[in-house]
Amino acid sequence: MLTRDQKKQLVDDLVKQLKESESIVFVSYEGLKASFVANERKKLTKQGIEYVVVKNTLLERAMKEVGLTLPESLFTQMTAIGLGKTDPSILAKALYKKPTGKPGEQRFVVKGAIVDGSFFDEPMVERLALLPTRDELIAQVCRGMNGPVTGLAMALKQTVSSIAYALDKVHEQKAQVAPQA
């Protein structure tokens, strides 16, 4: 059993983590195998996501200290949070998996998320998970901008090639005419 001081320290640590995070995803891990959770935690850590299991009462206190009021349904079942310091869609993609209906399926059940101080319910987290990441969007924009430039370069190359071909033909014709004179 934790002492009052230990609980206070846990809440303070959690408040600090919450303030440093760009986005937070709340998940239930109830009924999941420990091996699955440990494996997922490793994957999340590699992506720069912090996975924290926390008692609901302590999480609720920390949220109030941060100034966020959340639905009561968020503080039921066993709760863990994913804390992301970068692109919110990366965090959502990492924790949200669509149910497949396969027997024995292991996945976190997303309860909600906080992005830029706004609460997202589960359907909104799903939409966020389907969005491209910031890096993917930048790549799409670059491809879009690169297409016309590549087309122009190819057209110019074709034009230069055509001019060179025409000049070569003119030179050949003049070379044939010159020896006869």
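Rules behind the numbers
Residues numbered from 1 in each chain as written. Predicted model: local features only at pLDDT ≥ 70, side-chain atom pairs only at ≥ 80, totals over all residues. Heavy atoms only, no water. Helix = DSSP H or I, 4+ residues; strand = E, 2+ residues; numbered from the N terminus. Buried < 20%, exposed > 50% of the residue type's maximum accessible area, 1.4 Å probe, protein only. Contact = heavy atoms within 4.5 Å. Areas by Shrake-Rupley, 256 points an atom, 1.4 Å probe, with all protein chains shown as cover. Lys, Arg positive; Asp, Glu negative; His and termini not counted. Charge placed at Lys NZ, Arg CZ, Asp CG, Glu CD. Axes fitted to C-alpha atoms, helices over the stretch in contact; angles between N-to-C directions. Parallel < 35°, antiparallel > 145°, perpendicular 65-115°, else oblique. Left-handed = near helix turned anticlockwise from the far one by under 90°. Nonpolar A, V, L, I, M, F, W, Y, C, P; charged D, E, K, R; others polar. Phe/Tyr/Trp six-rings, centres within 6.5 Å; stacked < 30°, edge-to-face > 60°.

Before we move on, can you summarise the overall build of the chain with the specific residues and values?
Assigned secondary structure in the chain consists of 6 helices and 5 strands. Counted from the first residue to the last, the chain has its helices and strands arranged as α-β-α-β-α-β-α-β-β-α-α. Each of the three principal axes of the chain carries a C-alpha extent, and together these read 110 × 40 × 25 Å. Counting only residues that meet the buried cut, the chain has 31% of its 181 residues in that class. In the chain, the share of contacts with a sequence separation of at least 24, taken over all contacts with a separation of at least 6, comes to 78%. A total of about 12100 Å² of accessible surface is found on the chain, and carbon and sulfur atoms cover 59% of it. Between the centroid of the 26 positive side chains of the chain and the centroid of its 21 negative side chains there is a distance of 4 Å.

If you had to explain the packing of helix H1 (residues 4–20) against helix H3 (residues 56–66) to someone new, which residues and values would you point to?
H3 packs onto H1 with a crossing angle of 55° between their chain directions and a minimal axis gap of 9 Å. For the element pair H1 / H3, the angle class is oblique. Here H1 runs over H3; the crossing is right-handed. Taken together, the residues of H3 that come into contact with H1 (itself represented by Lys 7, Lys 8, Leu 10, Val 11, Asp 12, Leu 14, Val 15 and Leu 18) are Leu 58, Leu 59, Arg 61, Ala 62, Met 63, Glu 65 and Val 66. Of the residues that constitute the contact of H1 with H3, the class distribution is 10 nonpolar, no polar and 5 charged.

Let's hear about the packing of aromatic side chains: which residues, and what values?
Enumeration according to the criterion identifies 2 aromatic pairs in this entry. On the basis of an interplanar angle of 50° and a centroid distance of 5.7 Å, the ring pair of Phe 36 and Phe 108 is categorised as tilted. Here the residue Phe 36 occupies a position in helix H2 (residues 34–46), and Phe 108 occupies one in the loop between helix H4 (88–95) and strand E4 (109–115), the gap between them amounting to 72 residues. An identical accessibility class is assigned to Phe 36 and Phe 108; each is buried. Taken together, a centroid distance of 5.5 Å and an interplanar angle of 40° make the contact between Tyr 51 and Phe 108 tilted. On the criterion of sequence distance, the pair formed by Tyr 51 in strand E2 (residues 49–53) and Phe 108 in the loop between H4 and E4 is long-range, its members being 57 residues apart. Among the residues examined, Tyr 51 registers a relative accessible area of 5% and is labelled buried. On the accessibility criterion, Phe 108 (2% relative accessible area) is buried.

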